[in-house]
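# Per-entry structural report
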Amino acid sequence: MSRLIRNTVASWRPLTIASIAALSITACGGGGGGGDGPLVMDGDDDEVIILPTYGYQISATPAAGPLTVTFPGEGGMFGISVDFGNTLNGDVNVDVDVDNQVSIIDFTVQSLSSLAVDTNVGLPFLGAFDIEVIEDMQFDVGSPPTTGLIQISTATETVTLQAFIDGVELRLDGLMPARYTWEELDSLFDDEGRPEWQRRAAFGAAVLEFVIDQTLSVTEAFNFIDDQLATVNPLVAACDAFTGSPPAGVIAQGESTFTWMGVGPTPMGGDDFRWLFTDCWIDDVSDIDDTLLNGSIDLRNYIEIIDAQSRLIGTGFDEVIYTDFEIADTRENPPGTFTIDPSDRLTINGGFDLAIIGN
């Protein structure tokens, strides 16, 4: 299996879209927020209070179908299909910085959240299984979960994964547990010498994390929706420029483009947006492996509910739809020369419904 699917699906870290927060698109002017009280974003015409905690719900949307991820492997293409079952639910704690950028500090995935996964959409891999959160999982952004229990089930087996600060325990059908560090878990599903139930459990945990990271990363779009879109539309931001020769067929400096698709004086509830990435390179200066994004995300039927006290108590999108959204892994070797291994590309299609509700 490619280095990219291992790194992207199994790394328990913020992924792809969230990384473009560094592109310095600021949707709101004015002063910043922070501290222990309500957070404030100052727009051009009024003031909206951002609450410190919101609940979220991620569910299926008929318009998009299941979320699918495809990637090349030996002998052909692998494919993963994710159907949202009893939805994913949880809480997020947020902050607003001095530039009025809203970011997620930490989050939970609550019990009864569930997904149905089929890993055999392309080449046969680990079959179909269900994932259910049995005990709430707690995450700090960029770190593995510190608590929580999930269950990965097929028609013939049930595996539980208990999270700890320093690792996990996998237990098949109530038998003695097997203990792993997070690093060991990350590589477990790709080890053909391991029992298939262990590989499936490790991959199930990675898929759950991948889906949550992708969906919560979409919240970065809320930083772009503001009255200024009425006069500066689309919002275009340059991505990182390659510091040497880019990969074949890739331009030296790509961009992301955020377009308001609505009509009227200013963006409002019910409007649609499109987020397009063209050779958008995200450079991690501490690593020779970096990320290249291409493709689009449609954000349909924007939700914005502000109460009489100017508090944002509800937001989201009825449809978040990925269209051939490609994530490629670039490598600099030798220095100044960047390449993409053909096996290190994955493509996302389909989508979900994202609702965020003030607590």
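On a predicted model such as this, the values are computed, not experimentally measured, just so you know. Counting of residues starts from 1 at the beginning of each chain's written sequence and follows it residue by residue. Two thresholds apply to this predicted model, a pLDDT of at least 70 for residue-level local features and 80 or more for giving and counting side-chain atom pairs, whereas whole-chain, interface and lining totals are computed over all residues. Neither water nor hydrogens contribute to the side-chain values; these are computed over all heavy atoms in the structure.

## Concerning the overall build of the chain
Applied cut-off: The secondary structure listing takes helices from DSSP runs of H or I that are at least 4 residues long and strands from runs of E that are at least 2 residues long, numbered from the N terminus. To sort residues, take the accessible area from a 1.4 Å probe on protein chains only and compare it with the maximum for the residue type: under 20% means buried, over 50% means exposed, and anything in between is partly exposed. Here, two residues are considered to be in contact whenever any of their heavy atoms come within 4.5 Å of each other. Shrake-Rupley sampling with a 1.4 Å probe provides the accessible areas, and residues are treated as covered by the protein chains on show and by no other component.
Each helix and strand in the chain was counted, giving three helices and 19 strands. Expressed as a percentage of its 359 residues, the buried residues of the chain come to 48%. Across the chain, contacts joining residues at least 24 apart in sequence account for 60% of those joining residues at least 6 apart. Of the roughly 14,900 Å² that the chain leaves accessible, carbon and sulfur atoms contribute 50%.

## Quick word on the packing of aromatic side chains
Describing an aromatic ring pair means giving the distance of the ring centres and the angle of the ring planes. Stated precisely, the cut-off is as follows: Stacked, tilted and edge-to-face pairs are distinguished by plane angle, under 30 degrees for stacked and over 60 for edge-to-face with tilted covering the rest, among Phe, Tyr and Trp rings (Trp via its six-membered ring) whose centres lie within 6.5 Å.
Applying the stated criterion across every chain yields a total of 21 aromatic pairs. Here Trp275 and Phe277 contribute two aromatic rings whose centre-to-centre distance is 5.3 Å and whose plane-to-plane angle is 40 degrees, an arrangement assigned as tilted. You'll find Trp275 and Phe277 in the same group, each marked buried. Ring geometry for Phe277 and Phe325: centres 5.4 Å apart, planes at 85 degrees, overall edge-to-face. Of this pair, Phe277 sits in strand β16 (residues 273-282) while Phe325 sits in strand β18 (residues 311-332); the two residues are 48 residues apart in sequence, bridging distant segments of the chain. Take Phe277 and Phe325: they sit in the same class, and that class is buried. Each member of the aromatic cluster is reached from another via a ring pair, and the members are Phe84, Phe222, Phe224, Phe258, Phe273, Trp275, Phe277, Tyr302, Phe317, Tyr322, Phe325 and Phe352.

## As for the state of the cysteines
The following threshold applies: By disulfide we mean two sulfur atoms from cysteines, separated by a distance within 2.5 Å.
Enumeration over the complete set of coordinates arrives at one disulfide. Disulfide pairing is shown between Cys239 and Cys280; the S-S distance is 2.1 Å. Given an S-S torsion of about -95 degrees, the disulfide between Cys239 and Cys280 has left-handed geometry. On the criterion of sequence distance, the pair formed by Cys239 in strand β14 (residues 235-241) and Cys280 in strand β16 is long-range, its members being 41 residues apart.

## Considerations on the side chain of Ser59
Mapped onto the secondary structure, Ser59 falls in strand β3 (residues 53-59). Once you skip the residues sitting within four places of it in the chain, Ser59 turns out to touch Phe84, Thr87, Phe352 and Asp353.

## Some points on the pairing of strand β5 (residues 76-84)
What counts is decided by this rule: What makes two strands pair is DSSP finding at least two bridges between them.
Here seven bridges tie strand β4 (residues 67-73) to β5, and the two strands are oriented antiparallel to one another. Bridging from a neighbouring strand, Val69 pairs with Ile80 of β5. What sits between the antiparallel neighbours β4 and β5 is a turn of two residues, in which Gly75 has the positive phi angle 95 degrees. As judged from the four bridges shared by β5 and strand β8 (residues 114-118), these two strands associate in the antiparallel manner. Each bridged residue has a counterpart across the sheet, and for Asp83 the counterpart in β8 is Ala116.

## Re the nonpolar core
Test applied: As used in this record, nonpolar core signifies buried Ala, Val, Leu, Ile, Met, Phe, Trp, Tyr and Cys residues forming a set joined through side-chain atoms within 4.5 Å.
Residues Phe258 and Phe317 are the most contacted members of the largest nonpolar core, which totals 83 residues. Here the element with the most residues in this core is helix α3 (residues 196-217); it accounts for 11 residues. Aside from chain neighbours lying at most four places away, what touches Phe317 is Val218, Ala221, Phe222, Ile225, Phe273, Leu299, Arg300, Asn301, Tyr302, Ile303, Asp353 and Leu354. Core analysis: the next-biggest nonpolar cluster, separate from the first, contains seven residues, Val250, Leu292, Phe338 and Ile340 among them.

## Thoughts on α3
Formally: The span you would expect from a helix comes to 1.5 Å times its residue count less one.
Between its first and last C-alpha atoms α3 spans 31 Å; for 22 residues at 1.5 Å apiece the expected length is 32 Å, and the two agree. With 21 of 22 residues buried, α3 is to be regarded as a mostly interior element.

In short, the description is geometric, and any link to function would need to be established separately.
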